[in-house]
Amino acid sequence: MDTKFIGKKSAAAGGWGALKSCGKQLLQSGMPISGARTMLKANQPDGFDCPGCAWGDPEHGSSFEFCENGVKAVAWEATEKRATPTFFAEKTVSQLRQLTDYELELNGRLTHPMRYDAASDRYLPVAWEDAFAEIGSILRSLDNPNRAEFYTSGRASNEAAFLYQLFVRVYGTNNFPDCSNMCHEASGIAMRQAIGVGKGTVLLEDFEKADAVFVIGQNPGTNHPRMLGDLRRAAIRGARVVVFNPIRERGLERFSDPQDKVEMLRGGSTDIASLYLQPQLGGDMAAVRGMAKAVLAAEDAAVAAGLPSVLDHAFLAEHCAGFAEYRATVEATNWADIEDQSGLSRQEIERAADVYINAERVICTWAMGVTQHLHSVATIREIANFMFLRGNIGRPGAGLCPVRGHSNVQGDRTVGINEKPADDFLDALEKHFRFTVPREHGHNVLAAIGAMLDGSAEAFIGLGGNFARATPDSALVEKALRRLKLTVHIATKPNHSHLMPGETAFILPCLGRTEMDLNAAGNSQLISVEDSMSMVHGSAGINRPASPHLLSEVAIIAGIAQATVGSAVVGWAELADDHDRIRDHIEATIPGFENYNARLRKPRGFHLRNTAAHREWDTPAGKASFSSEALPDETVHQRARKGEGRFALQTFRSHDQYNTTVYGLDDRYRGVYGERQVIFIHPADLTAMNAEAGDRVDVVGEHDDGIERIAENFRFVPYDIPRGSIAGYYPELNVLVPLGSAGRESDTPTSKSIMVSFRRRKTA
C-alpha cells in the first residue's frame, strides 16, 4: 500500500520548520528580497495590517509582528506571477475548472477586468467603464432589489465594507450573505444573549495576566499562529493552558518561538497545554457542563467544611440573572450523560475544573470547532455560564475570547455588513444620508443559496472571497451560481467561484492589502481593520500594484454604485478618492468611532469600547444572563454509532492553507505531504474495518434528504483522534456538508458534525 504521503510530524509548532517554510514561500513568490522587506512592515504602525488572521497586535510590538501564516499570505499576494488576459485566452472556463484550487491560484495576480463570453467559453478583457455600466444596467433591470445577493469576505476593509453596505441599502435591500455566517455567527448570537455584546471581552494584554487559559475547539498553530506566542509566554510564567480538541494538534502541544534565539539554537520548545482533553465531535457543551457541575460540587464541599467559597457570590448577586435556574439544570444533568456525550471521563473533566477553581483570572477562547455544530449557540451560552460562576468577565486577565479568522471579519460587521441590522443603525443611516432605508431582514449565506436555487435571486456580487468553495454542498452551489443572470467577483487571483459564471459574468481585479492605493492627487490612501480584541488599526500598502489596471475595492464599489443608483444620495467618486470622508461618515453613524481619522493615525490605533468588559450588560434582564438549556438529545457521534460503519466527520484546514486558499500540499504538523484527499482516523477504527493506512475510499454523506453526496478517492491516515470521529480538509470535503444542516439560531453550516460512511475503491 502506498503510504509515501504519510511522513514525520514536526516535533513542535514554529521553530526551524516555520523559518524554512517562510523562506520557501518567499522564493516561490519570485520576489524573495522585496517580499522579506514587505514583511518588516506587517502589523507595524507605518505599514499594513497582515491580510491573514485577526489576532491582535501588542501595545509593545516588536519589529517582527508576523508569523508563518502571514508570510504565506503576503507571498501569495506579492507573487510575480500574473493571470493576464493571455492566461484566460489559452484555456476555456471548462478546462480551467479541471484545475485544483492550488493549481488555479498558482497562476498569480489578476491584471485586467474580464467579462465572460459564453460563445467561446472564455473570459475576455473589458474596460472598467463598460463593466460598471453593464453591471448597473442589469441590477437596475431586476424587478426587486431583493433579487440580488451581495456577499462580503472578511478581508474587506472598514471603508470598503461601509461603502458596500451603503450602496446596497441605497439600492434597496439587506441581502448581505457574509463569511461570518459560516464561522462565528453563533458566537455573536450567544454572547449578545449572555452579555449584551457579540464580541470578545478581552484585550491582548489580558493574556499577560491570566492564571489559566481554556482553549476549546481551536487550532491556533495553523489558523492564527501569533496566538501561540501569547500562549507560550503565559505557560512560561506559570499559567495553566487547558485544551479541549478532538485532534491532537502540534501547536497546542509544543511551540518553538522563531524569535527566541536561545530556544532556536538549542532546538528546544515550550510545552503549551498543561492538560489536553480530546472530546468527541459535538461533545464540548457536555464537557463544559461537567466542569460547571464539578465547580458547584466543590462549592457545596467548601460550604460544608467552612472553607472560602468557590463561587463569586458578589458577582452572581450583583451582575447575573438566572443563576438559580441554571444551577438546578446542572444538578439535574447526570454524570453518565455528560461522559457519554462528551466522550471524556468524569475524572478528566474534574481535573479541568480544578484548574478553573484554582485560577483567580481565566480566559476562555474558542473557534469553529465550537461554532459549526447544530447546538453551537447553546454551547457558547454554556461557556459563558461557566465563566460567570467565578466572575471571570469584566476584570483584568479574564474574559471571553472568540478568535475570528479573516483579518477584518469583525470590523465588517461593526460597520454594517449584517443581514439583520439593528434599528438604531438604520435610523442613523437614514438621518445622516437622508434616504429611505430598507427595513426587511435580508439573506444570510444559506438563505442566499436557497434563493439562487429557487430562482428568486438573479444576481450575485462577491466582495472578495471564494464563495463557491467556502460554502457547503458544493455541487448545489455551483448549480445555483450558474443559473443567475449576473455574477460579479471582486478578487486578487482567479479562483473556482469565477469558473461558475452566470449568464453575464465579470471578474474585477482589485488591489491587495500590501499595495499602495493612490488617489487622484497621488497620495497614499489609508484603510482600517478591526481585530478580535476590538482594536481598530490603520493599514497602508507599501508595494506598487501588480498591474496598472487594478482598482481598490473602494473604487470598484463606488464605480458599481454610481452606475446603479447614481449620485443623488451619495457622491461615490468623491468618497473613493478620499477615505477620510468615508471615515467621517462612519463616525457620524456608528458609536465608538468618535474622532476616527485622528485616532486611527496614532500608533496601534484605538479600542472600541466593550460594555460587557466594564460589566455593563445590554441584555433584556440588564444583567449577565445564564442559560438553562438542557444538553442536546444526541450529538453527531452518538447518532453515528447507532449505524453500522458510520462516522462523525469534521472538516478543517491543512497547515499549508488559509480558509479556501491553498498555499501548498504539505501539512507538516500532521505529517501529511503532497496530498490533500485524506481522512484522519483512529488506528483501531482502521483495524475494525480491515483497512490500512493509504487505502482508498469514497466518503459517502449520510444526510437523510435523499441527495447523494460523495467525495471520491480519499486515503486513510492513522491519527490520534477519538474512535468514531474522523477529519479531513475543506474545501475538498465541503461536498458532504448539507445545506439543510445548520446550527440552531445561527444558521451556520454544521461542518464539524457530518455523518458519513465509506465505500472501498478497487485498487489498480
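A quick note: this is a predicted structure, and the numbers were derived from the prediction, not measured.

Conventions used here
- Residues numbered from 1 in each chain as written.
- Predicted model: local features only at pLDDT ≥ 70, side-chain atom pairs only at ≥ 80, totals over all residues.
- Heavy atoms only, no water.
- Helix = DSSP H or I, 4+ residues; strand = E, 2+ residues; numbered from the N terminus.
- Rg over C-alpha atoms; globule rule 2.2 N^0.38 Å.
- Buried < 20%, exposed > 50% of the residue type's maximum accessible area, 1.4 Å probe, protein only.
- Contact = heavy atoms within 4.5 Å.
- Areas by Shrake-Rupley, 256 points an atom, 1.4 Å probe, with all protein chains shown as cover.
- Lys, Arg positive; Asp, Glu negative; His and termini not counted.
- Charge placed at Lys NZ, Arg CZ, Asp CG, Glu CD.
- Pairing = 2+ DSSP bridges.
- Domains from an automatic or database assignment.
- Buried area = accessible area lost by both parts, 1.4 Å probe.
- Salt bridge = Lys/Arg side-chain N within 4 Å of Asp/Glu carboxyl O.
- Polar contact = N/O pair within 3.5 Å; in protein donor to acceptor, adjacent residues only side chain to side chain.
- UniProt positions renumbered as here; feature names shortened; annotations may be inferred.
- Disulfide = S-S within 2.5 Å.

1. Focus on the overall build of the protein
Part 1 of the argument: Summing up its helical and strand segments, the protein has 31 helices and 31 strands in all.
Part 2 of the argument: The C-alpha radius of gyration computed for the protein amounts to 25 Å, which stays within 12% of the reference 27 Å derived for 764 residues, consistent with globular compactness.
Part 3 of the argument: Principal-axis analysis of the C-alpha atoms gives the protein an extent of 80 × 65 × 55 Å.
Part 4 of the argument: For the protein, the proportion of its 764 residues judged to be buried stands at 64%.
Part 5 of the argument: The long-range share in the protein, meaning contacts at least 24 apart out of those at least 6 apart in sequence, stands at 79%.
Part 6 of the argument: In the structure as shown, the protein presents an accessible area of about 27300 Å², 50% of it carried by carbon and sulfur atoms.
Part 7 of the argument: Side-chain charges in the protein split into 82 positive and 96 negative, and the spacing between the mean points of these groups amounts to 4 Å.

2. Focus on the pairing of strand β17 (residues 504–509)
Part 1 of the argument: With 6 of 6 residues buried, β17 is to be regarded as a mostly interior element.
Part 2 of the argument: Pairing of strand β4 (residues 114–117) with β17, which is carried by 2 bridges, proceeds in the antiparallel orientation. In the sheet register, Arg115 faces β17, and the bridge partner there is Phe506.
Part 3 of the argument: Bridge count between strand β16 (residues 486–491) and β17: 6 bridges; the pairing is parallel. Bridge pairing in β17 links His489 to Ile507.

3. Observations concerning the domain arrangement of the protein
Reports of interface size often rely on the accessible area that becomes lost once the parts have come together.
Part 1 of the argument: Each domain of the protein was delimited in the assignment, giving domain 1 (82–183 + 425–602), domain 2 (185–403) and domain 3 (636–760).
Part 2 of the argument: Look at where the C-alpha atoms of domain 1 and domain 2 centre, and you get two points 37 Å apart.
Part 3 of the argument: The interface of domain 1 with domain 2 comprises 8 residues on the first partner and 12 residues on the second.
Part 4 of the argument: Of the roughly 790 Å² buried between domain 1 and domain 2 on both sides combined, carbon and sulfur atoms contribute 45%.
Part 5 of the argument: On the domain 1 side of the contact with domain 2, Cys183, Ser532 and Met533 bury the most area, a combined 63% of that side's loss.
Part 6 of the argument: Linking domain 1 with domain 2 are 1 salt bridge, by the criterion used here.
Part 7 of the argument: Counting across the interface, domain 1 meets domain 2 through 5 residue pairs in polar contact (both at pLDDT 80 or more).

4. Some details on the UniProt feature "domain: Molybdopterin dinucleotide-binding" (unreviewed entry) in the protein
Part 1 of the argument: Under the local residue numbering, the UniProt record ascribes the feature "domain: Molybdopterin dinucleotide-binding" (unreviewed entry) to residues 647–704.
Part 2 of the argument: Helix makes up 10% of residues 647–704 and strand 41%, with an end-to-end C-alpha separation of 15 Å.

5. Thoughts on the environment of Ser746
Part 1 of the argument: Tracing the sequence through the fold places Ser746 in the loop between β30 (725–729) and β31 (754–760).
Part 2 of the argument: Residue Ser746 is classed as buried on the basis of its relative accessible area, which comes to 4%.
Part 3 of the argument: Considering only alpha carbons, one finds Ser746 and Ser180, 566 residues apart in sequence, at a separation of 10 Å.
Part 4 of the argument: Apart from residues lying up to four places away in sequence, Ser746 is in contact with Glu185, Ala186, Ile189, Ser376 and Val377.

6. Some remarks on the pattern of salt bridges
Part 1 of the argument: In this structure the tally under the stated criterion is 42 salt bridges.
Part 2 of the argument: The salt bridge partner of Arg641 is Asp340, with a shortest N-O separation of 2.6 Å. Of this pair, Arg641 sits in the loop between α30 (636–640) and β22 (646–652) while Asp340 is found in helix α17 (residues 335–342), placing the two residues 301 residues apart along the sequence.
Part 3 of the argument: Overall, the relative accessible area of 49% leaves Arg641 in the partly exposed class.
Part 4 of the argument: We note a salt bridge from Glu732 to Arg676, for which the minimum N-O separation is 2.6 Å. Taken together, the residues span a long stretch of sequence, with Glu732 in the loop between β30 and β31 and Arg676 in the loop between β26 (672–673) and β27 (678–681) at a distance of 56 residues.
Part 5 of the argument: A single network of salt bridges, built from pairs that share partners, joins Asp143, Arg147, Glu458 and Lys485.

7. What about the environment of Leu277?
Part 1 of the argument: Note that Leu277 resides in strand β11 (residues 275–277).
Part 2 of the argument: Overall, the relative accessible area of 2% leaves Leu277 in the buried class.
Part 3 of the argument: Sequence separation between Leu277 and Val529 is 252 residues; the distance between their C-alpha atoms is 35 Å.
Part 4 of the argument: Those residues in contact with Leu277 that sit more than four places away from it in its chain are Val243, Phe244, Asn245, Leu344, Glu348 and Ala352.

8. A short note on the state of the cysteines
Part 1 of the argument: Scanning the model with the defined rule gives 0 disulfides in all.
Part 2 of the argument: The structure places no disulfide on Cys320, whose sulfur is separated from the nearest cysteine sulfur, that of Cys364, by 16 Å.
Part 3 of the argument: The structure places no disulfide on Cys401, whose sulfur is separated from the nearest cysteine sulfur, that of Cys364, by 9.0 Å.
Part 4 of the argument: Take Cys401: its relative accessible area is 2%, and that puts it in the buried class.

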